[in-house]
Each structure stands twice: as structure tokens, then as C-alpha cells.
Amino acid sequence: MGINSKTVLITGSTDGVGRRVAERIGAMGAHVILHGRDRTRGEATAAAICAAGNPNVEFHRADLSSLAEVRQLAGDVSRAHRRLDILINNAGVGSGGPRGVRETSADGYELRFAVNYLAGFLLTMLLLPTLRASAPARIVHVASAGQSAIDFDDVMLERGYSGGRAYTQSKLAQVMFTFDLARELAGSGVTVTSLHPATYMNTTMVRQSGVSPMSTVDDGADAILNLAVSPDLENVSGQYFNRLQAARADPQAYDAHAQRRLRELSLRVTGLASFAAKP
Ligand SMILES: NC(=O)c1ccc[n+]([C@@H]2O[C@H](COP(=O)([O-])OP(=O)(O)OC[C@H]3O[C@@H](n4cnc5c(N)ncnc54)[C@H](OP(=O)(O)O)[C@@H]3O)[C@@H](O)[C@H]2O)c1
């Protein structure tokens, strides 16, 4: 099936590399489902894709710091679309916050863990029936090379908080989920990969953290699109990429015991009781 028959959801596509991926995949002719938390930015992105020649674009608003809004987004997308060929979990909050103060989500969870990881976990799990029905389908997690091990005794970082630690822990959680879910999906025709898109792209997140940008959003979009659409990666699943190359992630991401703990915690805090735990 050609890209112009495919439906693609990109979270956090109102800014940065997510917006660029949406524009580029839109230019290839896919049906583009944009997501963001700001309707004005979402509609402006949709208008830009439309003006570039692709009218098959729609915007869904949801604040991913609220699990109720994640559920609403998943429900809206699965009701509106019989198929979803590519899900790109890209939305994220960077390491820079208000003076290093710990922030929490609408549900009371540590904010970066909630937005960068838990929201993508819940969205993916709720959209899995649609993705499975659309196989071959792909899930891509936009993580980072910045990863730090999860302390399962203090996942919500109530002690020793820093924005950097919160960010890198959430990114490791995305990679760990990639490996765990890939096993679950083996043989289903749905692949799942994660990646570091590029180092210090020129985006709002990087500018807010006070770092000088080192790469462009197109560098990151090249790497994300490689995982999302490259025919060479058709059956590749359960892998982490540093830009365009398969790479090793933080060792904890491969730890089966840690994967199980993360899955159990994620099912519990998102209220997904019906997803049976594996033996
Ligand atoms: N920039 C880098 O160098 C770099 C390096 C490695 C990995 N990454 C990863 O790449 C991804 C994209 O980052 P970026 O640099 O493009 O950042 P960005 O320009 O700040 O864009 C982030 C996107 O996520 C959305 N978002 C943030 N919080 C949200 C929330 N609570 N609910 C809904 N949407 C929310 C933003 O919406 P608004 O438009 O409303 O702000 C925006 O669309 C992130 O996962 C990041 O961790 C980036």
C-alpha cells in the first residue's frame, strides 16, 4: 500500500520536529492526523499542509498531561478512522522547567513521566486494536539518547528531583516500553521502534533549556521518517535507533524484570486493567 493510502497520527505536531514530520508526510500524500494542545497552532499547521496541496489533514486537541484527555483523543481517532497505519508518539516536554521545580500532571503524576511516557503508553494501548486491524502498521516512539535508569522506589521523583533526571527517565521508559511491546506484538504485523532523532535540534524545547542548537528539525525528521515509512525497515521491531543507525539503549531498557515492573505500574496508573499481564 502506498503512503498516499496511509493514515498517520503524529502527537505534538504543532511545533518542532513533530510539525516538520507532519508537513513532510503530508507532502507524500498520507492522511495526516495532527495533535497538539493548542487549537490555534493545530489549525495553522493543518492549513499549511492543506496549502501545500494535501487536503487530507485534521487536527485533534488534547493536553497529554491529562489521562482523561488522552482517552478522549484515542476515542476520537478510533471512532473517526477504521485504519491507522502509523502512530508517532512524539509530543514531549523538555528538561527545562520553572527554576527546576518538580511539576505534576492533572492526575498528580510527575509531569515529564506523565506527558513523555504515560500518555504515549495509554494512547498506544488504546489504539492497538485499530493498529492491529491495519497491519502492516508501525509505532514509533520519539525518545532520546539522554536516558537514565528508573528508580522503581521513587518513579515520581519525590526525592532528588531535577528536570534533567525527569526528562531522561521518561525517555528511558519510552525505550523500555518499545522493547516490551515489540515482544507482545511479535507476529501481528505491527512493529514498534524508538529513536534519538537528532542532538539539540533548533526547537522550542531546546531553546527553553538554554542550550545552543546543533542540528535542524529536518535532521530529526529524516530519522523519524526513516522508522515511520522506510521500506527497508518493514519488519524491524523492538529496536532503538540513534538517528539512522540501530544502537544500544541504556542497559536497564533490556532488563526483563524492569520491563515487567514498568508495565505493571503503567497499567495500574492509567487504569488499563483489561490488558492482561504476561506470565
Ligand atoms: N529537540 C531535540 O534536540 C530533541 C532531541 C532528542 C529527542 N527529542 C524529542 O523530540 C520530541 C519533539 O521535541 P521538539 O524538540 O520538537 O519539541 P517542541 O518543539 O517543544 O515540540 C513539542 C511538541 O509537543 C507538544 N506538547 C508538549 N506538551 C504537551 C502536552 N502536555 N500535551 C500535548 N502536547 C504537548 C508541543 O505542543 P505546543 O505546540 O502546544 O507546545 C509540541 O507540539 C520530544 O519527544 C523530545 O523529547 C528532541
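Above this text sits the structure in question.
In short, a report on the structure. Nothing here was measured: the structure is a model prediction, and the numbers come from that model. (Residues numbered from 1 in each chain as written. Predicted model: local features only at pLDDT ≥ 70, side-chain atom pairs only at ≥ 80, totals over all residues. Heavy atoms only, no water.)

Digging into the overall build of the chain
Short version of the rule: Each helix corresponds to a stretch of at least 4 residues labelled H or I by DSSP, and each strand to a stretch of at least 2 residues labelled E; elements are numbered beginning at the N terminus. The reference for a compact globule is 2.2 Å times residues^0.38; the radius of gyration itself is calculated from the C-alpha atoms. Think of it in three bands: residues with accessible area under 20% of the maximum for their type are buried, residues over 50% are exposed, and the middle band is partly exposed, with areas taken using a 1.4 Å probe on protein chains only. Only four residue types enter the charge count, namely Lys and Arg as positive and Asp and Glu as negative; His and the chain termini do not. Charge positions come from single atoms, namely NZ of Lys, CZ of Arg, CG of Asp or CD of Glu.
A count of helical and extended segments in the chain gives 8 helices and 8 strands. Relative to the 2.2 N^0.38 estimate, which gives 19 Å for 279 residues, the radius of gyration of the chain is 17 Å and therefore close to what a compact globule would have. Counting all 279 residues of the chain, 53% fall into the buried class. A gap of 2 Å separates the mean positions of the 29 positive and 26 negative side-chain charges of the chain.

Details of helix H1 (residues 16-27)
To be explicit about the condition: Here a helix's expected span is defined as the number of its residues, less one, multiplied by 1.5 Å. Contacts are assigned to residue pairs with any non-hydrogen atoms lying within 4.5 Å of each other.
Counted at 1.5 Å a residue, the expected span for H1 with its 12 residues is 16 Å, and the 17 Å between its end C-alpha atoms agrees. Buried within H1 we find Gly-16, Val-17, Gly-18, Val-21, Ala-22, Ile-25 and Gly-26. As for H1, its buried residues are in contact with strand E1 (7-10), strand E2 (31-36), helix H2 (39-51), strand E4 (86-89) and helix H7 (217-229). Just past H1, the residue Gly-29 takes up positive phi, approximately 105 degrees.

Concerning the nonpolar core
Put simply, the rule reads: To form a nonpolar core, buried Ala, Val, Leu, Ile, Met, Phe, Trp, Tyr and Cys residues must be joined to one another through side-chain atoms within 4.5 Å.
Phe-113, Leu-127, Leu-131, Ile-139 and Leu-262 are the most contacted members of the largest nonpolar core, which totals 52 residues. Counting only elements with at least two residues in this core, the list comes to helix H3 (67-80), helix H4 (111-133), strand E5 (137-142), helix H5 (163-184), strand E6 (190-196) and helix H8 (256-270). Once residues lying within four places of it in the same chain are set aside, the contact partners of Leu-131 are Leu-84, Leu-87, Ala-137, Arg-138, Ile-139 and Val-190. One finds Val-21, Ala-30, Ile-224 and Ala-228 within the second-largest nonpolar core, a separate group that totals 29 residues.

Concerning the site of the ligand
Condition: Any residue with a heavy atom positioned within 4 Å of a molecule or strand is treated as near that molecule or strand. Two N or O atoms form a polar contact when they lie within 3.5 Å of each other; inside protein one atom must be a possible hydrogen donor and the other a possible acceptor, and for residues adjacent in sequence the pair counts only when both atoms belong to side chains. Here the term cavity refers to a set of points on a 1 Å grid, laid over the protein atoms alone, in which a 1.4 Å probe fits but cannot get out; the term pocket refers to an open set having protein on both sides within 12 Å along at least five of seven lines, with lining residues being those that place an atom within 4 Å of a point. In this description, a molecule resides in a pocket or cavity if more than half of its atoms sit within 2 Å of the grid points defining it. Charged residues are taken to be Asp, Glu, Lys and Arg, nonpolar residues to be Ala, Val, Leu, Ile, Met, Phe, Trp, Tyr, Cys and Pro, and polar residues to be all remaining types, Gly included.
Around the ligand sit 32 residues in total, of which Thr-14, Arg-41, Tyr-167, Met-201 and Thr-203 are the nearest. Between the ligand and the protein, one listed contact pairs an oxygen atom with a backbone N or O atom of Gly-12 at 3.2 Å. According to the grid-proximity analysis, the pocket containing the ligand is the largest pocket. At the level of secondary structure, the elements contributing two or more residues to the shell around the ligand comprise H1, H5 and helix H6 (204-208). For the shell around the ligand, the element with the most residues is H6, which contributes 3 residues. A per-class count over the shell around the ligand returns 14 nonpolar, 13 polar and 5 charged.

Considerations on the pairing of strand E3 (residues 57-61)
Quick reminder of the rule: Each pair of strands is called paired provided DSSP finds at least two bridges between the two strands. A clockwise course of the path from the first strand over the helix to the second, judged with the strands pointing away from the viewer, identifies a crossover as right-handed.
Here E2 pairs with E3 via 5 bridges, running parallel. The residue bridging Leu-34 from the neighbouring strand is Phe-59, located in E3. Between the parallel elements E2 and E3, the chain passes through H2 in a crossover that is right-handed.

Some details on H4
In this model H4 runs 32 Å from its N-terminal to its C-terminal C-alpha over 23 residues, within 8% of the 33 Å that 1.5 Å per residue would give. Between the side-chain oxygen at the start of H4 and the backbone nitrogen of Arg-112 there is a gap of 3.1 Å, and the oxygen is on Glu-110.

Focus: unusual backbone geometry
Between Ala-135 and the following residue, Pro-136, the backbone shows a cis peptide bond with an omega angle of 5 degrees. In this fold, Pro-136 is placed in the loop between H4 and E5. The phi dihedral of Tyr-200 is positive, around 45 degrees, even though this residue is not glycine. Inspection of the secondary structure puts Tyr-200 in the loop between E6 and H6.

Here we look at the pattern of salt bridges
The condition that has to hold: One side-chain nitrogen of Lys or Arg within 4 Å of one carboxyl oxygen of Asp or Glu is enough to make a salt bridge.
Per the stated rule, a full pass over the model turns up 13 salt bridges. A salt bridge links Glu-23 to Arg-19, with the nearest nitrogen and oxygen atoms 2.8 Å apart. On the criterion of helical spacing, the pair formed by Glu-23 and Arg-19 is a turn pair, its members being 4 residues apart in helix H1. The shortest N-O distance in the salt bridge between Asp-218 and Arg-20 comes to 2.5 Å. Here the residue Asp-218 occupies a position in helix H7, and Arg-20 occupies one in helix H1, the gap between them amounting to 198 residues. Judged by relative accessible area, Asp-218 falls into the partly exposed class, the value being 28%. Members of the salt-bridge network, linked through shared partners, are Arg-19, Arg-20, Glu-23, Arg-24, Asp-218 and Asp-222.

Focus on the layout of surface pockets
Definition in use: Grid points are joined across faces, edges and corners, and a volume is the space filled by probe spheres set on the points.
Size it by volume and the largest pocket reaches roughly 1,200 Å³. In terms of lining, the largest pocket is formed by 45 residues, of which the most central are Ala-91, Gly-92, Val-93, Gly-94 and Met-205. If you list the elements that add at least two residues to the lining of the largest pocket, you get H1, E2, H4, H5 and H6. Taken together, the residues of the lining of the largest pocket sort by class into 18 nonpolar, 21 polar and 6 charged.

Regarding the sheet that holds strand E7 (residues 239-242)
Note the cut-off: Axis geometry follows a simple rule: fit a line to the C-alpha atoms, using only the stretch in contact for helices, then measure angles between N-to-C directions, giving values from 0 to 180 degrees.
Judged by pairing direction, the sheet is mixed, and its 8 strands sit side by side in the order E3-E2-E1-E4-E5-E6-E7-E8 without closing on themselves. Because the sheet does not close on itself, it has two edges, and the strands there are E3 and strand E8 (245-247). Mean inter-strand twist for the sheet, computed between neighbouring axes without regard to direction, equals 25 degrees. Where E1 and E2 come together, 4 bridges link them in parallel fashion. Bridging across to E2, Val-8 finds its partner in Val-32. Contacting E1, E2 and E3, H3 runs over the sheet at an angle of about 155 degrees to E3. Against the sheet, H4 makes contact with E1, E4, E5 and E6, and its axis sits at roughly 175 degrees relative to E4, the strand it touches most.

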